[in-house]
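Structure assessment
These are the residues of each chain, in order.
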Amino acid sequence: FHRGYYIRARAVDHCVQDFLLKTQSHPRTQILSLGAGFDSLYFRLKDMGLLHHTVVYEVDFLNVACQKAALIKRMKELSALVGDTGREGLGVITFSGKDYKLLGVDLSELSELERALEEAGLDNEIPTLFIAEVVLTYMENSRSDALIQWAAEHFSQACFLLYEQMHPEDPFGRVMQQHFSQLNSALHSLAQYPDCEAQQRRFFEKGWTECRVMDMNEFFTCCTPEDEQQRVQALEPFDEYEELHLKCSHYFVLAASKGMEPSWTPLLSNMTVPHRDGPARMAGSITAAVCAMHSEISGLRRYGHHSVLIKPNVILTTGGFGEEDGQHCRMRNFHVLIKHAGYWKAGCVKKENPDKRWDERLYHTVSCLSNSLALVVGGRRSPSSAGLGMLWLKFPETFNASDPDDVTVELVSLQPAAEPAALRWRHSTTEVIFKGEKYLFLYGGRSATEPVLGDWYFLHTQELSCTVIPVEGPVPESRHSHSACSWKGGVLIAGGLGAAEQPLGSVFFLRELEHGFRWQTVETRPPLIPRYSHTAHVHDGKLLLVGGVWFHSSSVPGITVIDLMTGLCLDYTINVDHLEWPLMLHNHSSVFLPNEKELLLIGGGGNCFSFGTHLNPGPVFLSLSSILTSH
């Protein structure tokens, strides 16, 4: 919430102050805020001494304007800023000061709006900035289009600042639309103007000569100074990167102008960011299907969890945040999926020592070390608390495959010498082999004190002690929320979120040598689209990346297949026509079943900004046989 609203306010302030700076040589300028509500923009600009020769006009429904006028009169600080000239409004002009006019008019009634503004003293021959912050989308398109065209036609030197939603049809967009529909305030613009390009075309067609649009991820990255980005990122404990970046990819800021000399271009980047309008090469699509289940349990509705194949056709899911006993909470129970007679059955795992603290962790890893033993490493409760350590999970060698509720797990606390290495989350723990011995390679992640880690440890699987093994080659940049897969005795690291909270597109292979390991860069062509919060699997010399979040807004990540011999990188979309709900593929888990060449997706989703929590309702499977044999 804090960061989402900060970026919105920052974008508006950035554009408004740029307008005031570029027009300071003019004797008079004006700002017209459409649907201003209780926005404090005028008072902030006035307090900063930026309104020397600018009049601010605000328009909203009459009842809103009357309430705001009463509030200003009641508050001494506000009255003092407007000055003594603030007099009782007449008719639609609810408040009138020397450089501040508040009007109560319905924006969709253009002739009434024009008449009221003329009466209030708006001058169509001086530089004018129109501001519409999530306003026009609530109007019928024909009326909002008419307003945009009227502003271009009637004002000789005009600028327009628009902030609104976009991308209605992807999973996050569907949750967003549903939220506004439930509030009885449908977003009208979205169907006709679903993306930046459509909005830009709209303004050009309505008479504006210059127009630049960017989503809010691009705005924060390109138009916010680096030191300010770092200040904001350090303000409070934060671990909701996926929700923030998805929210920011569904809102845009647009700056259009006409008749301005020099031209008004507040959205020029202060850095060059490679912008890709779509995956370079969409190789096809894979159809998602709801997993055929004999029994449904809500416990698989979760995110930030971990799923692991503990035996053939037996999947254990632990931790995360989700739905338990009808409530949203950190998950206490473990769940198991067992495939029997062609169907998956779900069950709740019995803990042999239920009093043993699981710590309800998120963003941990679980590594199977034998038929009856798995190691839990790291994870967190809250982002401000220290990471959690290690834990053994012991389960029986055999159990009744037809009864998931028959599975039991014993929790065994650990205080190994390697414990400090485990105090992290959003990391990876991957099995590697060195000189015939098995080790767990613990890499990256973040902690309560370090927003991103780039270190690594080799944990000997017998003693769980850290072993020093030499590693050479170019060290990958620090990252968390990456993927890691065992391959040829080493490990493949792909993507992740880097130090500047920017998704990474690099792939590294940690290769075993005679005396240690070596980092090697895996070159992909075309270059891998940077992403994080995905899952990954290796099959037959191909690295599969599943879902995730990227800053590239024209589509959502599906399945990417990287041929590890040639570096060829192919993107496939996931066809969700057979699902009745949005499939959110971040903070999910996935299990690859090599014999069937099937991928089982478990959980995923999150708290979608102010639009409510969306958790994928049930497991989904993808058949990958067509793409794994076609290479």
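Given the structure is predicted, the values throughout are model-derived calculations rather than measurements. (Residues numbered from 1 in each chain as written. Predicted model: local features only at pLDDT ≥ 70, side-chain atom pairs only at ≥ 80, totals over all residues. Heavy atoms only, no water.)

As a further point, take the environment of Phe434. Structurally, Phe434 can be placed in strand 23 (residues 428–434). Each C-alpha atom, one on Phe434 and one on Gly489, is 7.4 Å from the other, the two residues being 55 residues apart in sequence. Beyond its immediate sequence surroundings of up to four residues, Phe434 is in contact with Tyr439, Ile469, Glu512, Leu513, Glu514, His515, Gly516 and Phe517. (Helix = DSSP H or I, 4+ residues; strand = E, 2+ residues; numbered from the N terminus. Contact = heavy atoms within 4.5 Å.)

Counting across every chain of the model gives 28 aromatic pairs. A centroid spacing of 6.5 Å and a plane angle of 90° characterise the contact between Phe19 and Trp264, whose relative ring orientation is edge-to-face. One end of the pair, Phe19, is in helix 1 (residues 2–22); the other, Trp264, is in the loop between strand 9 (251–258) and strand 10 (282–290), and 245 residues separate them in sequence. The exposure classification of Phe19 matches that of Trp264, with both residues buried. Taken together, a centroid distance of 6.1 Å and an interplanar angle of 85° make the contact between Phe508 and Trp519 edge-to-face. Highlighted residues: Phe508 in strand 30 (residues 507–512) and Trp519 in strand 31 (residues 517–521), separated in sequence by eleven residues. Comparing Phe508 with Trp519 shows no difference in burial state: the two are buried. Pairwise contacts between aromatic rings join Phe434, Phe441, Tyr443, Trp456, Phe458, Phe508, Phe517 and Trp519 into one cluster. If you follow Arg3 out to its NZ or CZ, it ends over the ring of Phe238, 3.9 Å from the centre. (Phe/Tyr/Trp six-rings, centres within 6.5 Å; stacked < 30°, edge-to-face > 60°. Buried < 20%, exposed > 50% of the residue type's maximum accessible area, 1.4 Å probe, protein only. Lys NZ or Arg CZ within 6 Å of the ring centre and 35° of its normal.)

This part is about the sheet that holds strand 28 (residues 483–487). The five strands lie next to each other as 27-31-30-29-28, forming an open sheet whose pairing is mixed. Strands at the two margins of the open sheet, each flanked by one partner only, are strand 27 (471–472) and strand 28. (Pairing = 2+ DSSP bridges.)

Summarising burial for strand 7 (residues 158–165): eight of the eight residues are buried, a large majority. Sheet topology places strand 6 (residues 128–133) next to strand 7; six bridges connect them, and they run parallel. By the bridge assignment for strand 7, Phe130 is matched with Phe160. In the classification by handedness, the crossover that spans strand 6, the intervening helix 6 (residues 141–154) and the parallel strand 7 is right-handed. Bridge analysis of strand 7 against strand 9 gives eight bridges, and the strand direction is antiparallel. For Leu161, the partnering residue across the bridge sits in strand 9 and is Ala255. (Right-handed = clockwise from strand over helix to strand, strands pointing away.)

Time to look at unusual backbone geometry. Following Glu261, the chain continues to Pro262 via a peptide bond in cis, the omega torsion being -5°. With respect to the helices and strands, Pro262 occurs in the loop between strand 9 and strand 10. Non-glycine residue Arg426 carries a positive phi angle of around 55°. Summarising the element assignment, Arg426 is placed in the loop between strand 22 (408–413) and strand 23. Overall, Arg426 belongs to the buried group, its relative accessible area being 5%. Notably, Ser533 is not glycine yet its phi reads approximately 60°, a positive angle.

This brings us to the packing of helix 1 against helix 11 (residues 226–233). It is the contact of helix 1 with helix 11, at a shortest axis distance of 12 Å, that shows an interaxial angle of 155°. In this view, helix 1 runs roughly antiparallel relative to helix 11, as classed from their interaxial angle. For the crossing formed where helix 1 meets helix 11, the hand is right-handed. Along the contact surface, helix 1 presents Arg3, Tyr6 and Arg10, while helix 11 presents Glu228, Arg231, Val232 and Gln233. Per-class residue counts for the contact of helix 1 with helix 11 are two nonpolar, one polar and four charged. (Axes fitted to C-alpha atoms, helices over the stretch in contact; angles between N-to-C directions. Parallel < 35°, antiparallel > 145°, perpendicular 65-115°, else oblique. Left-handed = near helix turned anticlockwise from the far one by under 90°. Nonpolar A, V, L, I, M, F, W, Y, C, P; charged D, E, K, R; others polar.)

Another aspect to go through is helix 7 (residues 171–182). For helix 7, which comprises twelve residues, the first-to-last C-alpha distance of 17 Å matches the rise-based estimate of 16 Å (1.5 Å per residue) to within 8%. Taken as a whole, helix 7 has its buried residues at Pro171, Phe172, Gly173, Val175, Met176, His179 and Phe180. Considering only its buried residues, helix 7 is in contact with strand 7, helix 8 (189–192), helix 12 (241–249), strand 9 and strand 39 (613–615). Note on helix 7: the residue one or two positions beyond its end, Asn184, has a positive phi of about 65°. (Expected span 1.5 Å × (residues − 1).)

A few words now on the domain arrangement of the protein chain. Splitting the protein chain by domain gives domain 1 (1–258) and domain 2 (282–623). On a C-alpha basis, the centres of domain 1 and domain 2 stand 42 Å from each other. Every contact between the two is made by 28 residues of domain 1 and, on the other side, 35 residues of domain 2. Carbon and sulfur atoms make up 60% of the surface buried where domain 1 meets domain 2, a total of about 2800 Å² over both sides. When the area that domain 1 buries against domain 2 is broken down by residue, the three leading residues are Asp239, Tyr241 and Glu242, summing to 23%. A salt bridge links Asp239 to Arg380; its shortest N-O distance comes to 2.6 Å. Counting residues per element, the ones that place at least two in the side of domain 1 that touches domain 2 are helix 1, helix 7, helix 10 (216–223) and helix 12. Tallied by class, residues from the side of domain 1 that touches domain 2 come to twelve nonpolar, eight polar and eight charged. (Domains from an automatic or database assignment. Buried area = accessible area lost by both parts, 1.4 Å probe. Salt bridge = Lys/Arg side-chain N within 4 Å of Asp/Glu carboxyl O.)

For the protein chain, per-residue confidence averages 91 on the pLDDT scale, and residues scoring 70 or more make up 95% of the total. Overall, residues 273–280 carries pLDDT values under 50, and its contacts beyond four positions in sequence, including any with other chains, amount to 16 contacts. (pLDDT = per-residue confidence, 0-100.)

Now for the state of the cysteines. Taken as a whole, this structure holds zero disulfides when the rule is applied. The structure places no disulfide on Cys196, whose sulfur is separated from the nearest cysteine sulfur, that of Cys211, by 9.5 Å. Free cysteine: Cys291, not disulfide-bonded; nearest cysteine sulfur from Cys348 at 18 Å. (Disulfide = S-S within 2.5 Å.)

It is worth spelling out the pairing of strand 29 (residues 490–494) at this point. Judged by how many residues are buried, strand 29 sits mostly within the fold: five of five residues are covered. Bridge analysis of strand 28 against strand 29 gives five bridges, and the strand direction is antiparallel. What sits directly across from Trp487, in strand 29, is Gly490. Between strand 28 and strand 29, which pair antiparallel one after the other, the connecting turn spans two residues, and Lys488 there sits at a positive phi close to 50°. As judged from the four bridges shared by strand 29 and strand 30, these two strands associate in the antiparallel manner. Within strand 30, the position partnered with Leu492 by the bridge is Phe509.

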